[in-house]
Amino acid sequence: MLKWIGLTCIFISCVAFGQSGIIEVTDIDKDMDCMHVYTTVCVFDSNGWYIPELIMSDFSFYENTTPIVPPNIELLNSCEGACADMILLFDLSGSMDDNVDSFSTALAIFASGLAGIDYRVSMAVFNGCPEDIDGVRVLVHTDYSSAIPCSTGPDIWASNATEFHKLFAAVEMYFDLAWAFRGSGWEDQFGALWWAVDTLDWRSECRKTVVMFTDEEVQVETAPCVPYFDEEDSSLFKIMDYCWAESVTFFAVCPTDSNMQWYPLSGDSPDRQYYCGYRELAESTGGIWSDLDATEYDEMVATLSEAIANIPCCYNFRHLASLYCLDSLINLSVDVTVLGDYIGSDDTTYLSFCPPEIIYEMPSPCGGITSCASQRIIAFFENPQFGALDMASLSFFVNGASVPLADITI
């Protein structure tokens, strides 16, 4: 038996705008079984928000205008109502005081932006790592049952606006501390991110989000923070790999790339003003960068919370192929209609499956004579445009008896 793997050729058309939304066919692939095609479809409303909780009957697929209907097509996943767990990390250094005050005035806006999802928010302050002398890295606690603000208690997650305000009041208590209790001055931003992801009890079914508020580039002492991160690219790549492995979406709230805080009187190089690692980390994980020094702070906070709440959720389908060895590309289109309301459509194209056409040749000197110790066989595949041969799928038979691949040199 010979199996043929089709080339995955993706030709994404322009996004189709429907009456009330946007549909995107974002990926298409073909199974090694030479029978099934996999398609990913993302559905957005008119504001660009992902639409959850759609079902198979909301989608209509066509292959070269011929409908594909169940059971020949199936929806492989579900997009439940969005949920997110997030931690807000606040740089506790003194230069952040005004920025934290600005965020305090915009709390209601931030919380209202999350109102459409099931969320939990925790908060932490940092200024150095635990290995630093005077280093501070604290997961903020409070007591929601207390009538007055407090920074001790059993509660670390806020799941509504009232709890959100009480938890942030505990954060502000740390910013009211005397300088001697506010950290070492070596912020260790990426170390705080790593620690937060590793420490919290995240819900496995929800988006895992980290929002960092800081005004300086990554700053650590030569030693002894573990794990160690500095401003070099190697540290940025290391934290990118960690966020990807942990499915973390990172949001950066910091100055523009050329406006980071620096202190020439303390011997800082002017180079410390320039750092784009936070922006690059956010973009690489699906988050966004927001300007810490924005003049329209309320607008910035609203954009940030909406970006967090717009949780990606696309629909994965598998359908049984019915068209083989076509000379032209197959057009696959999808329409989305919800409760009679047309949302939109999109299409893409792909190569059909096609088994290989094989021509055998038995070259000299053996030419089929059984006295040869090793019989050579050449097989020519005449239609390579349909993809590469899956070598692991090869099976050989001599007079009806299977020959183990271990006995064959390819």
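As shown above, the structure is provided for reference.
Attention in this report is confined to the structure presented alongside it. (Residues numbered from 1 in each chain as written. Predicted model: local features only at pLDDT ≥ 70, side-chain atom pairs only at ≥ 80, totals over all residues. Heavy atoms only, no water.)

Regarding the overall build of the protein chain
Part 1 of the reasoning: Within the protein chain, the secondary structure is distributed over seven helices and 20 strands.
Part 2 of the reasoning: Relative to its full complement of 410 residues, the protein chain shows a buried share of 44%.
Part 3 of the reasoning: Residue pairs at least 24 apart in sequence account for 71% of intrachain contacts in the protein chain once pairs closer than 6 positions are excluded.
Part 4 of the reasoning: Within the structure as shown, the protein chain displays about 20200 Å² of accessible surface, and the carbon and sulfur contribution to it stands at 55%. (Helix = DSSP H or I, 4+ residues; strand = E, 2+ residues; numbered from the N terminus. Buried < 20%, exposed > 50% of the residue type's maximum accessible area, 1.4 Å probe, protein only. Contact = heavy atoms within 4.5 Å. Areas by Shrake-Rupley, 256 points an atom, 1.4 Å probe, with all protein chains shown as cover.)

Focus: helix H7 (residues 297–309)
Part 1 of the reasoning: Counted at 1.5 Å a residue, the expected span for H7 with its 13 residues is 18 Å, and the 18 Å between its end C-alpha atoms agrees.
Part 2 of the reasoning: Listed in full, the buried residues belonging to H7 are Tyr297, Met300, Val301, Leu304, Ser305, Ile308 and Ala309. Projected down its long axis, H7 shows its buried positions confined to an angular sector of 165°, all on one face.
Part 3 of the reasoning: The inward-facing, buried residues of H7 abut strand E8 (83–91), helix H1 (97–105), helix H2 (107–113), strand E11 (207–213), strand E12 (248–254) and strand E13 (289–291). (Expected span 1.5 Å × (residues − 1). Arc of directions from axis to C-beta.)

Describing the pattern of salt bridges
Part 1 of the reasoning: Summed over all chains, the structure comprises ten salt bridges.
Part 2 of the reasoning: Between Arg272 and Glu216 there is a salt bridge; the shortest N-O distance is 3.2 Å. One end of the pair, Arg272, is in the loop between E12 and helix H6 (277–285); the other, Glu216, is in the loop between E11 and helix H5 (233–245), with 56 residues separating them in the sequence. Across the pair, Glu216 and Arg272 agree in class, each one buried.
Part 3 of the reasoning: The partner of Arg279 in a salt bridge is Asp257, with the nearest N and O atoms 3.1 Å apart. Of this pair, Arg279 sits in helix H6 while Asp257 sits in the loop between E12 and H6; the two residues are 22 residues apart in sequence, bridging distant segments of the chain.
Part 4 of the reasoning: According to the relative accessible area criterion, Arg279 is partly exposed, its value standing at 23%.
Part 5 of the reasoning: Judged by its relative accessible area of 23%, Asp257 is partly exposed.
Part 6 of the reasoning: Salt bridges here are not isolated pairs; linked through shared partners, they connect Asp85, Asp118, Arg120 and Arg203. (Salt bridge = Lys/Arg side-chain N within 4 Å of Asp/Glu carboxyl O.)

Concerning a negative patch on the surface
Part 1 of the reasoning: Residues Glu231, Glu232, Asp233, Glu280 and Glu283 make up a contiguous surface patch of negative charge.
Part 2 of the reasoning: Following the sequence through the fold, Glu280 ends up in helix H6. (Patch = residues over 30% accessible without salt bridge, like charges linked within 9 Å, V, L, I, M, F, W, Y side chains within 5 Å. Lys, Arg positive; Asp, Glu negative; His and termini not counted. Charge placed at Lys NZ, Arg CZ, Asp CG, Glu CD.)

Side note on the packing of aromatic side chains
Part 1 of the reasoning: Scanning the entire structure with this criterion turns up 18 aromatic pairs.
Part 2 of the reasoning: Ring plane angle 50° and centroid distance 4.6 Å describe the contact between Phe44 and Tyr50, whose orientation is recorded as tilted.
Part 3 of the reasoning: Relative accessible area serves as the criterion here: at 10%, Phe44 is assigned to the buried category.
Part 4 of the reasoning: Classification of Tyr50 as partly exposed rests on a relative accessible area of 23%.
Part 5 of the reasoning: Where Phe103 meets Phe168, the ring centres are 5.5 Å apart and the plane angle is 65°; that geometry is what we call edge-to-face. Taken as a pair, Phe103 in helix H1 and Phe168 in helix H3 (residues 161–175) lie far apart in primary sequence, 65 residues in all. Here the two residues Phe103 and Phe168 agree in accessibility, since each one is buried.
Part 6 of the reasoning: An aromatic cluster is built from Phe90, Phe103, Phe110, Phe164, Phe168 and Phe213, whose rings are joined through pairwise contacts.
Part 7 of the reasoning: Geometry around Phe353 places Lys30 over its ring, the cationic atom sitting 5.3 Å from the centre. (Phe/Tyr/Trp six-rings, centres within 6.5 Å; stacked < 30°, edge-to-face > 60°. Lys NZ or Arg CZ within 6 Å of the ring centre and 35° of its normal.)

A short note on the state of the cysteines
Part 1 of the reasoning: Overall, the coordinates contain five disulfides when judged by the stated rule.
Part 2 of the reasoning: Two residues share a disulfide in this structure: Cys79 and Cys313, whose sulfurs sit 1.7 Å from each other. With the S-S bond torsion at -120°, the cross-link from Cys79 to Cys313 turns out left-handed. Of this pair, Cys79 sits in the loop between strand E7 (73–75) and E8 while Cys313 sits in the loop between H7 and strand E14 (315–320), and the two are 234 residues apart along the sequence. One exposure class covers both Cys79 and Cys313, and it is buried.
Part 3 of the reasoning: At a sulfur-sulfur separation of 2.1 Å, the disulfide partner of Cys129 is Cys225. Where Cys129 bonds to Cys225 through sulfur, the torsion about that S-S bond is close to -85°, and the disulfide is left-handed. On the criterion of sequence distance, the pair formed by Cys129 in the loop between strand E9 (118–127) and strand E10 (136–139) and Cys225 in the loop between E11 and H5 is long-range, its members being 96 residues apart. (Disulfide = S-S within 2.5 Å.)

Observations regarding the sheet that holds E9
Part 1 of the reasoning: The six strands are arranged E10-E9-E8-E11-E12-E13 in an open sheet whose pairing can be described as mixed. In the strand order of this sheet, the two ends are held by E10 and E13, each with one partner. Pairwise comparison of adjacent strand axes, ignoring direction, gives a mean angle of 20° for this sheet.
Part 2 of the reasoning: Taken together, the four bridges between E9 and E10 define a ladder with antiparallel strand orientation. Its bridge partner being in E10, Phe126 is matched across the sheet by Arg137. (Pairing = 2+ DSSP bridges. Axes fitted to C-alpha atoms, helices over the stretch in contact; angles between N-to-C directions.)

Observations concerning the nonpolar core
The tendency in soluble globular proteins is for nonpolar side chains to be buried side by side.
Part 1 of the reasoning: Leu88, Phe90, Phe103, Phe110, Met123 and Phe213 are the most contacted members of the largest nonpolar core, which totals 40 residues.
Part 2 of the reasoning: Top element by residues in this core is H3. It accounts for seven residues.
Part 3 of the reasoning: When sequence neighbours within four positions are dropped, the list of residues in contact with Phe213 reads Leu88, Leu89, Phe90, Asp91, Met96, Phe103, Phe126, Val253, Leu292 and Tyr297.
Part 4 of the reasoning: One finds Ile87, Val210, Cys243 and Tyr278 within the second-largest nonpolar core, a separate group that totals 33 residues. (Core = buried A, V, L, I, M, F, W, Y, C linked by side-chain atoms within 4.5 Å.)

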